[in-house]
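An overview of the molecular structure
So the chains spell out like this:
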Amino acid sequence: MTLNDLWVLLRQDLAQSFRVSGAKGKRTEQRSTLRRLFLPIGAVLFAVVIILGLAWVVPRIGWEILDTLLTENIGTGSSLFNILLLFSFIGSIMISATTVGNSSRMEYLMTMPLSLRTLFLEKTIIVILYSSAFFLVIGTPIFIGLSIVSNAPLAFLSIPTFLGMMVVLSTLGVSIGGLLGLLFSRILAGRRRLKQAGWFIGTSLTVLVSALYYYFIFLSDGFGDILPWLGDILAALGFTSGISPGAATSALSLGFLVGEPIIINDVFLAFLYGALAIVLVNLNAYVSETAHYSGWLASGSKRTSKTKTPVVHDIWDPQTIPGFKFNTAVSVSVWYNITNIRREGRVLAQYLIGPLRFIVIIIFGMFAGGDLLMGFTPFIVIAITVPFVVSYAVSFAGYELVYEGKNLMNLQLAPLSMYDYVIGKVYSSAPFALVVSVGTSVLVSVLAPSLLVYVPAVILSAVFINQAAGGIAANAAAMGGDFKAERIVTRQRGASVQMPIRGWSILRAQLFPNMLGFAGLTAVLGLGQLLGPLFTYLALVPFGLICLSLSRRYARSAGIKLTEKEASDYL
Amino acid sequence: MIEVLGLKKMFNEFIAVDNLSFQVNPGEIYGLLGPNGSGKSTTMRMLLGLLKPTEGTAKVMGFDIRDEIVEAKRMMGYVPEEPVLPQRLTGWEYANYVSDIWRIPRGPEREEELDELLTLLDIKDASDDLIETYSKGMSRKTSLVAALIHQPKVLILDEVQAGIDPRGAATVKEILNGLRAKGATILMSTHVLEIAEQLCDRIGIINEGRMVAEGSMADLRLQAKGEKSLEEIFLSLTGGPDMQKIAEYLGDVK
């Protein structure tokens, strides 16, 4: 491996992801400079506003107040940084695995005079950069602004500390996630049914575990009360706020900012995690190389060259959602969508991060409210269901529709109602929504038994919201989907900045269903709390009708738009 | 020179390539023929270091593909059957990117070289366009430009002429003839038997991962005991169409 090779690969990968200079060709859609530079300009503007804002506001309210707040919450900072590490980790499991899984798409690079390890290392670095970019864009101006107004003599050191430690956190998350993803890929290679069941169980478990996690955060006063013995051991060892990577990040970056004495143990921890990150990122590249070169991610063929086994098929009649009988077009669409989940599994995984981020914002809002808001805790946990069921719908009905890509030609040529095909995609996310809502509401009813009576209402509402969201997402995808996205290699890595539905359409696909979901669920449960459980079930009927009507209406509109798509849009 | 020495590749129980040996000499075009799934692409992928041989090895210009793959790759140019190129680069940017990886010094000389290749393959006019706008043939030509930029001593071509227009195909044929005359070692696979017959000095026919016949056209005819065409030899070795099944199918068509 040479640094020169790594640099050539990195430069070109970044150049095509964040193209600054326009392509001049006649066949290429010309983009204005403003549109090309929208993201960097946005980031710079954001930074300027935050820095100037902090420099103006903090002296007026007094640095001392902020100083006290930050000093008292270095422990909370640890949790926050650990959550960012968790995001990088979860988001990378499928992304990293499919970078190797999709390596046939990098054949042009793999045959060049580079070691495969260099190539996979570069891909991992790109994923790390994508993974940390969002947090760096948000966090760096905050640290710059606070350093300007801080009284601490070494406050400016908090900026490079934050930058460095964020890269370390992302590297740890991405590398561990990537290794885990490779392990999953190894186990699942060629096992389609196991993959489908795995996704089903895995995504549902993610929701349940996150719900449980947040529930315990509410019931306790942070991590300390959940595992008090761990805190005691760490204190005995002389660590300020634990030994996690987030703790080292928080202790150093916030420590510099507020002028707290820096403990050598925390510096040692930071270097230790830095070294571990370097080891892990290289291990990731090594395992990726081995995975590809040895072919252990190849689908396991049941054939043998020595024996000729006659293949006999059963009568074709896949029943994808037990208990439901659809017409042929709908059933084939549901079957195809669930069977194909592997293809865009990483987008689904990436998309689970969206709701998690959203929920964290709600949770931190609740923290600020303190005891006054504790009574609402079970409802907040129920509310977690909404972004998840919307996310399933956007993924199954929105992204999957876009990733039909060239297959749209087959659909347009077939004597098929495109509405049936679209509604099949919408239906295909319902089992996932059902499992998630059953899990979350049962969990809440165990923790707060008085809510048991509302469990069926929550489950039904979640499915209704999911169906409405599916229709809306499908329509948004038909309007603003990039139907050529599947063949764009950078998007194959599932980078969150390059999702297949573009512009306002993605906002439409996400915002409206979430608003509908939160408003609807609040109304349905609110009526029950105010007037009695019967009213919840009475309200459920019109809410369900509205959702199903929205689902059908938007799915029909999507069908019409897809029928009218020109071949140049997807070929 | 390419020396393939008892190569074997297994995917779990499935033997994709079975004890394959052959040699391609400098100044020679060697055609690797075989039905779909016979192991041609797997063999090429092993030579290119994309797959690890289960048994055996190969040498490219003396470099062992197991131990010295980067050195071996430095000698090779490759055009895949389905080129997947970076869609968000223009053809010109991609050609320069590949040149950088091959460490061809930047400057007017390199630009002239690239210009010449792009013009020769008729894609100069589209070289400022993003690759995502290219047709299949244009992508293949761009891939060929990338394979030729560093003037490789060994060329590996997987169905190089598929999807290219007749003028482009004739250009490719002339380029290959010219490179052969200059001493390049060329290994190609094709399903168009006329191309193999016209271009290749020697042909290897593989079926179910094993070499079933090898030699020049004259040798193959001799092995087939008669003045047969390459198509007849190929079908007799790998199995021809099942005429009875075709007749049954056509009988069913209303």
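Described in the following lines is the structure provided in the data block.

What counts and how
- Residues numbered from 1 in each chain as written.
- Chains lettered and ligands numbered in written order.
- Predicted model: local features only at pLDDT ≥ 70, side-chain atom pairs only at ≥ 80, totals over all residues.
- Heavy atoms only, no water.
- Salt bridge = Lys/Arg side-chain N within 4 Å of Asp/Glu carboxyl O.
- Helix = DSSP H or I, 4+ residues; strand = E, 2+ residues; numbered from the N terminus.
- Buried < 20%, exposed > 50% of the residue type's maximum accessible area, 1.4 Å probe, protein only.
- Patch = residues over 30% accessible without salt bridge, like charges linked within 9 Å, V, L, I, M, F, W, Y side chains within 5 Å.
- Areas by Shrake-Rupley, 256 points an atom, 1.4 Å probe, with all protein chains shown as cover.
- Pairing = 2+ DSSP bridges.
- Axes fitted to C-alpha atoms, helices over the stretch in contact; angles between N-to-C directions.
- Contact = heavy atoms within 4.5 Å.
- Buried area = accessible area lost by both parts, 1.4 Å probe.
- Polar contact = N/O pair within 3.5 Å; in protein donor to acceptor, adjacent residues only side chain to side chain.
- Nonpolar A, V, L, I, M, F, W, Y, C, P; charged D, E, K, R; others polar.

The tally for this structure, following the rule as stated, stands at 18 salt bridges over all chains. Among the ionic pairs, Asp100 of chain B bridges to Arg11 of chain A, the shortest N-O distance being 2.9 Å. Note that Asp100 of chain B is positioned in helix α3 (residues 91–101) and Arg11 of chain A in helix α1 (residues 3–17), a pairing that runs across two chains. According to the relative accessible area criterion, Arg11 of chain A is partly exposed, its value standing at 26%. Within the structure, one salt-bridge network assembled from shared partners comprises Arg11 of chain A together with Asp100, Arg106 and Arg110 of chain B.

Residues and elements named next belong to chain A. Among the surface-exposed residues, Leu527, Leu530, Leu531, Leu534, Phe535 and Leu538 lie close enough to one another that they form a single nonpolar patch of about 620 Å² accessible area. Secondary structure elements with two or more residues in the nonpolar patch: α23 (503–531) and α24 (533–563). In this fold, Leu530 is placed in helix α23.

To continue, consider the sheet that holds strand β7 (residues 154–158) of chain B. All names here are of chain B. Across the sheet, six strands lie side by side as β6-β7-β8-β3-β9-β10; this open sheet has mixed pairing. Single-partner strands in this sheet number two, and they are β6 (76–79) and β10 (210–215). When the angles between neighbouring strand axes are averaged without regard to direction, this sheet yields 15 degrees. Relative to strand β8 (residues 185–189), β7 runs parallel, the two sharing five bridges.

The next subject is the interface of chain A and chain B. Contacts between chain A and chain B engage 44 residues on the former and 46 residues on the latter. Together, the buried faces of chain A and chain B total about 4100 Å²; carbon and sulfur atoms form 54% of this surface. Area buried by chain A at its contact with chain B is led by Arg27, Pro113 and Tyr293 of chain A, which between them contribute 18% of it. Two residues, Asp5 of chain A and Arg103 of chain B, come together in a salt bridge whose shortest N-O distance is 3.0 Å. In this structure, the connection of chain A to chain B is made through seven residue pairs in polar contact (both at pLDDT 80 or more). Counting residues per element, the ones that place at least two in the side of chain A that touches chain B are α1, α6 (107–110), α13 (264–294) and α22 (489–492) of chain A. Top contributing element to the side of chain A that touches chain B by residue count: α1 of chain A, with seven residues. Residue composition of the side of chain A that touches chain B, by class: 14 nonpolar, 15 polar and 15 charged.

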